[in-house]
Amino acid sequence: MQDLHFKTITELAALLESGELTSVQLMQAVIDRTAAVDEQVKAFLSYDADDALAQARASDERRAAGQALGPLDGIPVGIKDVLAVKDQSVRCASKMLENYVSPFDATCITKLRQAGAIIWGRLNMDEFAMGSSTENSAYQTTANPWNLETIPGGSSGGSAAAMAAGEAIATLGTDTGGSIRQPAALCGVVGMKPTYGLVSRYGLVAFASSLDQVGPFARTVEDAAIVLEAMLGKDLKDSTSIESLGETNYAAALKDKKGPWTLGVPQEFFGEGIDPEVKANIEQAVDWYRGQGCTIVDISLPHSDLAVPVYYIVATAEASSNLARFDGVRYSHRSEAAKDALTLFTKSRGEGFGDEVKRRIILGTYVLSSGYYDAYYKRAQKVRRLILGDFEKAFEQVDAILTPTSPTPAFKRGERTDDPLAMYLSDIYTISVNLAGLPAISVPSGFTESGLPIGLQVIGKAFGEAEMFAIAHAFEQGHDYYKTTPKL
Amino acid sequence: MDYEATIGLEIHVQIKTRTKMFTAAPYEYGAAPNTLTDAVVLGLPGTLPVLNHAAIEKCAQLGLMLGCEIAEVCKWDRKNYFYPDSPKNYQLTQNDQPLCLGGEVEIELADPARNAAGEHRWVKLNRIHLEEDPGKLTHEAFDTLIDFNRAGVPLAEIVTEPDMSSSAEAVAFLNALRNLIIYAGISDCDMEKGQLRCDANVSLKPVGSTELGTRTEMKNLNSISNVKAAIEYEIERQRDVLESGNLVVQETRRWDVDQGISFSLRSKEEAHDYRYFPDPDLMPVEFDRNRVEALRAELPERPFDKQRRFEQEYGLPYTVTTVLCPNRELSEFFEAALETHHSPKLIANYVANDLLRELAAGSEHGAQNLKVSACQLTPAHIGTLAKLIDEGVISKQIAKEVFTEMFATGELPDAIVEKKGLKQSNDTGEIEALCREAIAGNEKAVNQYKDGNEKAINALKGPVMKATKGKANPAMLDELLKKLIDEG
Amino acid sequence: MSETPHIDIDYVANLARIELTDEEKAKLGSQLDDILGYFDKLNAVDVSGVEPMAHAHAVTNVWREGDQPGPVFDPEVLMQMAPESRENQVVVPKVVE
């Protein structure tokens, strides 16, 4: 039998239901695995084994009483450190929130609890979700389980690495510009970002409010769909959340929707900057779909090259305001050198924030400041609409869009830390999806010569998760990449 | 050179809702520190604002009361500035698309004679928008304490055009505005409780010039007398500056109540770089046109309209209407009393004089906040009292006694008259005998009357009234005495 | 915006209330100038007649109805979090207006 910690939710749910496995056994296996490998991977900032086992016992008791809650009941789900869990520290991998403990659960956490999931640990990330390598954590650097010298991607690097290393059965991440999909691709797991508004942002510590979404990492597309289905829905606490306008019975969709589909391939995503191995891999994936009877259409997303500047203006502007609440007054780091109201702010924030966070706050403050608002922020919001328009036009003729998730596989630690612009360009294929508010998934599509994973991105229509999952599921089931696990 | 002042006001009014603007935490004045907070009020990581529909409706009602247009679409913006009383370090407000546009308020300038109507004019408004109140700072010797109870209370900011030219106009405006707001039930406008706060913008220009001078903004004007004093001080200060050949500096000034002077708060331009941008967490509001009309239909009659109507319809003098009409409750009480007995002048006198006097005597609040509903009298009490007088059952003299009694006990006047035997005596036999006694006992007065001094008759009335304990019908007595003397 | 963009780092850092060392200022300044240079791409696009896009899905009138008071925190919740407190209030160094 394959190790429990590398099994899928669907496999484990069957074992739990048949009584061959208890949730306590599963949780213990995951704890043991984590204890064994996290020294190397450093995916977790912290975890509470006793608390997790207590949740597992509660799940077993429910099941014994005939009150099991569904496929997630008793399944350990790892949580990115940016999501609020009641009575747990929520640090966003920042010194700024060193001592902060949340008095409430994020809505997505509440919903996972209602589905019986075990809320498992605090996963490392780039500080306040700002970064693409998880090197911006104030606490530790997470390694890519496929090659410990390389980064796991970011900002949800801990969530992706924990999945790849078998330290959780599913994990949650957040995706503002690719922060789920890019690390999923780099760590060889499935990661998906829902349509903006599908999952409540209440309890997600905001980076860029108009772009942030919570989404799952999982071993398979079906698993990701199960986790998403448990979390979605309009929440009265988040005015931007919205009831899906599409199909949300994803399990049924995976069974029923078999294609063939019309799939768009944007030429702009295969040009300058793409790693040749990645390019070849994705072209192969496109060929596979063609071989399955799908119609492949060359499409154009002409404003694609503007996505990076638009994103970094919109996201940093929103962030500069969202992160203003970390001021040393009520709950965040307070400088001991604070002498008055001004230095209370300047010194606490100077000490509490890391370099990348400072860089983005300064940039965001600048683009909103007097005299620059129209040239930067307002203009970016207009171009954002043009980017959305590109997608809307494309979706008039295709069911989904296929692209690489990341232009390169995992890169070496420290390689881009001093070149923020180069780092920003690693999100080049993912951020336009956030700007347009669309759903997208990264599914493993193979490996480089040196054994690093590559991910295929499937971009769906707004609220078209069901179709998007089905398309990604077809590819996944036609290959066995997800069955390959890293040697640790 | 002669200068004239231009004055604009910004008035913040706390809207009387049970819960806060962006969360369901309740608000009440005077609660123990930090007992009215929740995660949203404190700006905890992961929290999101949600609009309070009741506050939007009330603000729209306020707008309609002040003659504003209700915007088809309004939106929410962040005003970014750091201050320890601001939990998010941005204030949610409405920058370029406020809820209410334009509007004007009718004011009455006090007539020097005091007992005649003063000049009326309309002061133009620019806009009204909704925003949130910050928390409250208490400055102690070495540090500052923060209570977040007030944070998030809905505030309507009413911005006038620079359309006033004297402190008297500003005072008249504030009084009229206050009456309108209380009339519409939007706020109690208690300035001591911070329910209404005023900032004043003052500038001077040469008489006749069309170009406005540099303005200063006066903060912390927490009573109408402070507004008056601060404006007068500022006009003189600016006049001195200009006359000595200097330029007025654009700045914010703080009024010091104790010293009766203002001083510069900050003049750094930096302080005004608020980096407004649309709040990504809140959706715009489209105000339904039918709803606007429904709200308009519910508006009460405006105080000055009512005053004109009372003067025309009931023939009431200005001195009475100017007491009745600014107070909605009092004026409605008056009109309700007319339904018992239509004697407008008599009833108006009782309401405007006797009732108010008794209320004031027993009130802990200022004269501005007298509550008719707090006493035991109903409109029927006053109506019945007037009826008893008009029907000759009691004299006005006796009515005073009845009034005091019914105010104290809540008993109806007819019951009091009955119980105490206060009915006016119309027994001509008894009175005639008393009159003959009086004529016989005061020859001097009889002679004076006979010589043409009509008033001398009063000297004869006294003993009769005394003997009947005031119950003799004065008109009847007058007639009888004359008849007896003429006969005699 | 055709000339080389340049951030007045002192002004912006003060607006953002972040104390930066001289070293940080120098490094950030040049990095941000590079990034702003890259943003210049945006000026090549014709955006006339395009409405700014503030939300991914434009819906309106999302609000809470009823004005019914919800739960409040015990003051202790805030006192536990606050770096310094007294008499159920948060304490900060003296604020001078």
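Look a little higher up for the structure.
None of these values were measured; they are calculated from a predicted model.

(A) The arrangement of the overall build of chain C in detail. What chain C contains, in helices and strands, is three helices and three strands. When the helices and strands of chain C are listed from N to C terminus, the series reads α-α-β-α-β-β. Here chain C has a C-alpha radius of gyration of 23 Å; the compact-globule value for 97 residues is 13 Å, and the former is much larger. In terms of its C-alpha atoms, chain C occupies a principal-axis envelope of roughly 55 × 45 × 25 Å. Taking all 97 residues of chain C together, the buried fraction comes to 43%. A gap of 5 Å separates the mean positions of the 7 positive and 19 negative side-chain charges of chain C.

(B) Looking closely at the overall build of chain B. Along chain B, the regular secondary structure elements total 15 helices and 18 strands. Scaling as 2.2 N^0.38, a compact globule of 488 residues should have a C-alpha radius of gyration of about 23 Å, whereas chain B reaches 30 Å, well beyond that. A sequence separation of at least 24 residues applies to 69% of the contacts in chain B between residues at least 6 apart. Approximately 21,100 Å² of chain B is accessible, and the part contributed by carbon and sulfur atoms is 48%. Distance from the positive charge centre (55 side chains) to the negative charge centre (78 side chains) of chain B: 3 Å.

(C) Seen up close, the interface of chain C and chain B. Residue-level contacts link 37 residues of chain C with 50 residues of chain B. In this assembly, chain C packs against chain B so that about 4,000 Å² is buried in total across both faces, 56% of it on carbon and sulfur atoms. Connecting chain C to chain B are two salt bridges. Between Arg86 of chain C and Asp143 of chain B there is a salt bridge; the shortest N-O distance is 2.9 Å. At the junction of chain C with chain B, the criterion picks out 28 residue pairs in polar contact (both at pLDDT 80 or more). Taken together, the elements giving at least two residues each to the side of chain C that touches chain B come down to α1 (9-15), β1 (63-64), α3 (75-81) and β3 (89-93) of chain C. When residues of the side of chain C that touches chain B are assigned to their parent elements, the largest contribution, five residues, is made by β3 of chain C. In the sheet, strand β2 (residues 51-52) of chain B pairs with β1 of chain C via two bridges, with the strands oriented parallel. Considered in β1 of chain C, the bridge of Leu51 of chain B is made with Trp63 of chain C.

(D) View of the interface of chain C and chain A. Facing 52 residues of chain C, the contacting portion of chain A comprises 65 residues. The three residues of chain C that bury the most area against chain A are Leu42, Met53 and His57 of chain C, which together make up 14% of that side's buried surface. Among the salt bridges present, the one from Glu24 of chain C reaches Lys358 of chain A, with a minimum N-O distance of 2.7 Å. At the boundary of chain C with chain A, the tally comes to 15 residue pairs in polar contact (both at pLDDT 80 or more). Those elements that place two or more of their residues in the side of chain C that touches chain A are α1, α2 (22-39), α3 and β3 of chain C. A breakdown of the residues in the side of chain C that touches chain A according to their chemical character gives 37 nonpolar, five polar and 10 charged.

(E) Spotlight on the pattern of salt bridges. All names here are of chain B. Counted under the stated rule, the structure contains 55 salt bridges over all chains. Arg150 serves as the salt-bridge partner of Asp133, at 3.4 Å between the closest nitrogen and oxygen. With Asp133 in the loop between β9 (120-132) and β10 (136-139) and Arg150 in the loop between β11 (143-147) and β12 (154-160), this pair connects stretches of sequence that are 17 residues apart. Accessibility expressed as a relative area gives 2% for Asp133, which makes it buried. The partner of Glu234 in a salt bridge is Arg237, with the nearest N and O atoms 2.8 Å apart.

(F) Inspection of the sheet that holds strand β2 (residues 85-86) of chain C at higher detail. If you trace the four strands from one edge of the open sheet to the other, you get β10(B)-β11(B)-β3(C)-β2(C), paired in antiparallel fashion. Of all the strands in the sheet, just β10 of chain B together with β2 of chain C have a single pairing partner and so form its edges. As paired strands, β2 of chain C and β3 of chain C are joined by two bridges and run antiparallel to one another. Bridge assignment links Ser85 of chain C to a residue of β3 of chain C, and that residue is Val90 of chain C.

(G) Spotlight on the side chain of Glu169 of chain B. Residue and element names in this part refer to chain B. Structurally, the position occupied by Glu169 is in helix α2 (residues 167-183). In this structure Glu169 comes out as buried when scored by relative accessible area, which is 8%. For Glu169, the residues in contact, after removing those within four places along its chain, are Ile107, Leu109, Arg121, Asp163 and Met164.

The rules we used
- Residues numbered from 1 in each chain as written.
- Chains lettered and ligands numbered in written order.
- Predicted model: local features only at pLDDT ≥ 70, side-chain atom pairs only at ≥ 80, totals over all residues.
- Heavy atoms only, no water.
- Helix = DSSP H or I, 4+ residues; strand = E, 2+ residues; numbered from the N terminus.
- Rg over C-alpha atoms; globule rule 2.2 N^0.38 Å.
- Buried < 20%, exposed > 50% of the residue type's maximum accessible area, 1.4 Å probe, protein only.
- Lys, Arg positive; Asp, Glu negative; His and termini not counted.
- Charge placed at Lys NZ, Arg CZ, Asp CG, Glu CD.
- Contact = heavy atoms within 4.5 Å.
- Areas by Shrake-Rupley, 256 points an atom, 1.4 Å probe, with all protein chains shown as cover.
- Buried area = accessible area lost by both parts, 1.4 Å probe.
- Salt bridge = Lys/Arg side-chain N within 4 Å of Asp/Glu carboxyl O.
- Polar contact = N/O pair within 3.5 Å; in protein donor to acceptor, adjacent residues only side chain to side chain.
- Pairing = 2+ DSSP bridges.
- Nonpolar A, V, L, I, M, F, W, Y, C, P; charged D, E, K, R; others polar.

Structural measurements only, silent on function.
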